[in-house]
Structure formats: C-alpha cells, structure tokens
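Breakdown of the fold
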Amino acid sequence: MLRRKRWLFALMAILPTLAIFAWVRVYPIWETLRLSVHKWDILSKNKPFIGMANFQELFRDRLFIEALTNTAIIAFGVLLVTIPLSLVLAALIHYRSSSRLAAFYETSVFIPHVVSLVPAAMAWKWIFDAKLGPLNALLTFVGIEPQAWLFDPVLSIICVIVLCSWQALGYAVLIYLVGFKSLPVSLYEAAKLDGASGPQSFWFLSIPMLKPITLYVSVVTLVSGFNVYAQAYVLASDAQGAPGRQVRVLVLDMLENSFRNYRVGYAASEAVVLLLIVLLLTLVQFGLLRDKGGRA
C-alpha cells in the first residue's frame with residue numbers, strides 16, 4: 001500500500017509537466033501528421049481527406065526538391081566543419097586550462113552561440129558584401145579577384161554554411177570541454193611513459209573515448225542544420241543579397257506554402273518529410289558511432 005501511494009504521489013507530481021509537454025510537443029506533431037493527409041486550405045471550409053496525394057506531389061515539386069537539396073548540403077556542410085574544428089579547439093583550450101587566459105578562450109568561442117541570430121546574420125552579410133565587404137577588400141589586397149558571395153548560388157550556400165558553423169561551434173566546443181575534463185588522466189600519463197606524443201594521444205585516446213560526446217554533438221548539429229531558416233533568409237534572400245531565392249531552404253518553403261499559398265496540408269507534408277529525414281539520420285548516426293560493447 002505504501003509503495004502504491006508513492007507511485008501515485010510521483011505520478012501526480014509529474015502529471016502537470018507531462019500535460020504541458022503533451023500540449024506543446026505531442027499535440028502539434030499529431031496535428032501536423034493529420035494535416036498532411038488532408039487538402040487543408042485556409043480559405044476553404046472544405047478540407048477533404050486525400051491520403052498520400054500531398055506526398056506524391058512533393059517529389060514532383062521542383063521548388064521542394066531544390067529546398068531539400070540546399071538544406072541537406074547546408075546541414076552536412078555544417079556538420080563536417082563543426083565536428084572536427086570544435087574537437088580540435090576544445091583540445092587546445094583543455095590543454096591550456098592552466099593558463100590565465102583559459103576563461104577568455106572559452107568565452108570568446110562560446111559568445112557566437114548566444115549572440116542574437118538576426119544581428120549576427122546582418123554582420124556577416126556586411127562581411128560578404130560584394131562592394132563594401134571586408135572579405136573582398138582582403139582578397140583584393142592579396143591579389144585575388146573579388147567574388148559575388150551572395151549572388152552566386154554555390155557561394156551563397158557556402159556563406160550560409162560558414163555562418164551556421166560559426167554559431168554552432170561554441171556549443172560544440174563547450175560540450176567537448178566537458179568530455180575532456182571527464183577523461184582519466186592516468187591513461188595519458190601511461191601513454192606518455194610509453195613514448196606517445198601529444199597528437200598520438202589525442203588521436204588514439206581522446207577521439208575514441210569521446211565517441212559518445214561526438215554522437216551527441218553530431219545529432220544536435222545535424223538537426224539544427226536541417227532546421228536552418230533565418231540564416232539563409234537574412235543572409236541571402238533579398239535584393240541586397242542574392243536575387244530571388246538563391247538559398248531556398250526547406251523551412252522557408254514550408255512557411256511560404258502555409259502563409260503565402262495557404263496550402264497548410266501541403267506544408268504539413270513537408271514537415272513530416274523533414275521529421276522522417278531527421279529521425280533516419282539520427283538512427284544512422286547512432287549505428288555508426290555505437291561502440292563494440294553496444295553502447296553509444
């Protein structure tokens with residue numbers, strides 16, 4: 001009886017939190033799934049069930065394919081830049097932890113992660129400006145021809161990757177620093193006695209032992225990359241930047257279909273596809289980074 005009362009008390013204690021979570025998280029997911037199989041037009045009272053018709057139309061839509069391709073390129077580009085760079089920076093900061101400037105190093109790397117997104121994107125937009133940007137001024141100074149960074153389809157995607165990587169780097173470095181501080185010092189001392197150099201210890205000890213951290217950082221970075229929107233919209237989607245929509249991403253396509261074309265059901269099907277892609281890639285990452293003992 002006492003055990004049952006404890007369970008009942010615990011359930012009643014967490015019930016409000018579960019209710020809020022269900023309302024804020026679970027219900028919107030369910031509603032999105034429901035909308036995706038209906039022809040849900042804001043301007044029409046008739047919202048018939050159409051099954052998989054929205055999904056069939058998606059993969060015949062040139063704009064959706066373009067948005068999905070750009071989003072995937074940006075997400076994997078940010079992942080390939082962020083993981084190795086954050087790992088190296090975290091190692092350098094960790095091995096300089098006794099320095100008086102250690103706190104400054106950590107803060108300077110983490111600041112981009114907490115800077116407001118739109119002002120940061122506007123600052124980078126000025127850096128990449130074809131006429132007034134300091135990047136082209138630097139290229140001209142060293143004898144390289146200036147580039148139209150935000151007008152070229154390929155270069156504009158690279159600019160978005162740079163901006164997203166710059167913002168994601170601080171959080172990844174912070175998580176890796178926590179991982180480095182939890183590694184056993186005795187292993188490194190033994191490796192040093194055996195004649196291992198610093199880079200060898202980093203490659204053969206640190207990287208394998210930080211595999212769970214790498215899994216977490218890679219999942220978070222990839223999910224964030226697939227949800228990119230404001231960076232592309234501010235940096236390369238207006239008259240001052242790229243003409244038209246040089247960097248069309250998936251979230252932008254969803255918003256346009258919802259609020260400009262009033263095709264809520266079609267936009268919901270795009271959200272479902274995005275959800276399935278993120279879930280699949282997360283499962284693949286867990287499979288690739290799982291150790292031999294079956295633990296991530």
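Note: the structure precedes this text.
1. Let's talk about the pattern of salt bridges
Per the counting criterion, the structure on display carries 6 salt bridges. The shortest N-O distance in the salt bridge between Arg 263 and Glu 57 comes to 3.0 Å. With Arg 263 in the loop between helix H12 (250–259) and helix H13 (264–289) and Glu 57 in helix H2 (residues 53–58), the pair connects residues that are 206 residues apart, well separated along the chain. Among the residues examined, Arg 263 registers a relative accessible area of 30% and is labelled partly exposed. Here Arg 248 makes a salt bridge to Asp 253, at a shortest N to O gap of 2.5 Å. Like Arg 248, the residue Asp 253 is buried in the burial classification.

2. A few points about the packing of aromatic side chains
According to the stated counting rule, one finds 10 aromatic pairs in the structure shown. Taking 5.3 Å as the distance between ring centres and 5° as the angle between the ring planes, the aromatic pair formed by Trp 23 and Tyr 27 counts as stacked. Taken together, the residues span about one helical turn, with Trp 23 and Tyr 27 both in helix H1 (residues 2–35) at a distance of 4 residues. Look at Trp 23 and you get exposed, because its relative accessible area is 61%. You can call Tyr 27 partly exposed: its relative accessible area is 39%. An aromatic cluster is built from Trp 124, Phe 128, Trp 149 and Trp 166, whose rings are joined through pairwise contacts. One Lys or Arg, Lys 47, reaches over the ring of Trp 40 and ends 5.0 Å from the middle of that ring. The aromatic ring of Tyr 266 is capped on one face by Arg 263, whose charged end is 4.2 Å from the ring centroid.

3. A closer look at the side chain of Gln 285
Relative to the assigned elements, Gln 285 resides in helix H13. A polar atom in the side chain of Gln 285 sits 3.2 Å from the side chain of Ser 218. Sequence-distant contacts of Gln 285, that is, excluding residues within four places in its chain, are made with Leu 79, Leu 215, Ser 218, Val 219 and Leu 222.

4. As for the packing of helix H4 (residues 102–114) against helix H7 (residues 153–181)
Their axes nearest at 5 Å, the elements H4 and H7 cross at an angle of 135°. In terms of orientation, H4 and H7 fall into the oblique class. Two packed elements cross with a definite hand, and for H4 against H7 that hand is left-handed. Contacts between H4 and H7 pair Glu 106, Val 109, Phe 110, Pro 112 and His 113 from the former with Trp 166, Gln 167, Leu 169, Gly 170, Tyr 171, Val 173, Leu 174, Leu 177 and Lys 181 from the latter. A breakdown of the residues in the contact of H4 with H7 according to their chemical character gives 9 nonpolar, 3 polar and 2 charged.

5. Regarding a nonpolar patch on the surface
A cluster of nonpolar side chains, contributed by Ile 20, Trp 23, Val 24, Tyr 27, Ile 29, Trp 30, Leu 33, Leu 275, Leu 276 and Leu 279, occupies part of the molecular surface with about 1100 Å² of accessible area. Counting only elements with at least two residues in the nonpolar patch, the list comes to H1 and H13. Ranked by residue count, the leading element in the nonpolar patch is H1, at 7 residues. In this fold, Ile 29 is placed in helix H1.

6. What to know about H12
Summarising burial for H12: 8 of the 10 residues are buried, a large majority. Taken together, the buried positions of H12 are Leu 250, Val 251, Leu 252, Asp 253, Met 254, Glu 256, Asn 257 and Ser 258.

7. Brief notes about the packing of helix H5 (residues 117–127) against H7
Where H5 contacts H7, the two axes come as close as 11 Å, and the packing angle between them is 135°. With respect to their mutual orientation, H5 and H7 come out oblique. Every pair of crossing elements has a handedness; the one defined by H5 and H7 is right-handed. Across the interface between the two elements, Leu 117, Ala 120, Ala 121 and Trp 124 from H5 touch Val 162, Leu 163, Trp 166 and Gln 167 from H7. For the contact of H5 with H7, the per-class residue count stands at 7 nonpolar, 1 polar and no charged.

8. Overview of the nonpolar core
Grouped together as the largest cluster of nonpolar side chains are 38 residues, with contacts concentrated most on Val 173, Tyr 176, Phe 180, Phe 226 and Leu 250. Of all elements in the fold, only H2, helix H3 (62–95), H7, helix H8 (185–193), helix H9 (198–209), helix H10 (211–226), H12 and H13 reach the threshold of two or more residues within this core. Among the elements that line this core, the one with the most residues is H3, at 10 residues.

What counts, and where the lines are drawn
Positions within a chain are numbered from 1, following the residues in the order the chain's sequence is written. With pLDDT at 70 or above as the cut-off, local features in this predicted model cover only qualifying residues; side-chain atom pairs require 80 or more to be listed or tallied, and sums for whole chains, interfaces and linings still use all residues. Each side-chain value is worked out from all heavy atoms of the structure, with water and hydrogens disregarded. Take a side-chain nitrogen of Lys or Arg and a carboxyl oxygen of Asp or Glu: if they are within 4 Å of each other, that pair is a salt bridge. Here a helix means four or more residues in a row that DSSP labels H or I, a strand means two or more in a row labelled E, and each is numbered from the N terminus. Buried means the residue's accessible area, taken with a 1.4 Å probe over protein chains only, is under 20% of the maximum for its type, while exposed means over 50%, and partly exposed covers the values in between. The rule is short: rings of Phe, Tyr and Trp, with Trp giving its six-membered ring, pair when the centres are within 6.5 Å, and they are stacked under 30 degrees, edge-to-face over 60, tilted in between. The criterion for a charge sitting over a ring is simple: Lys NZ or Arg CZ within 6 Å of the ring centre, and within 35 degrees of the ring normal. As used in this structure description, the phrase polar contact means that two N or O atoms lie within 3.5 Å; if the pair is within protein, one of them must be able to donate a hydrogen and the other to accept it, and residues adjacent in sequence are counted only when both atoms belong to side chains. Two residues form a contact once any of their heavy atoms are found within 4.5 Å. Every axis corresponds to a line fitted to the C-alpha atoms, with the helix fit spanning only the stretch in contact, and the corresponding angles, defined between N-to-C directions, vary from 0 to 180 degrees. Roughly parallel refers to an angle under 35 degrees, roughly antiparallel to one over 145, roughly perpendicular to one between 65 and 115, and oblique to any angle outside these ranges. Take the far helix as the reference: if the near one is turned anticlockwise from it by less than a right angle, the crossing is left-handed, and if turned clockwise, right-handed. Polar here means any residue other than Ala, Val, Leu, Ile, Met, Phe, Trp, Tyr, Cys and Pro, which are nonpolar, and Asp, Glu, Lys and Arg, which are charged; Gly is therefore polar. Any residue with relative accessible area above 30% and no salt bridge may belong to a patch, with like charges joined within 9 Å and the nonpolar Val, Leu, Ile, Met, Phe, Trp and Tyr side chains within 5 Å. Exposure was quantified through the Shrake-Rupley algorithm and a 1.4 Å probe, taking into account, for residues, occlusion by the shown protein chains and nothing else. Only buried residues count toward a nonpolar core. Its members are Ala, Val, Leu, Ile, Met, Phe, Trp, Tyr and Cys residues joined through side-chain atoms within 4.5 Å.

Distances and angles like these do not, on their own, reveal function.
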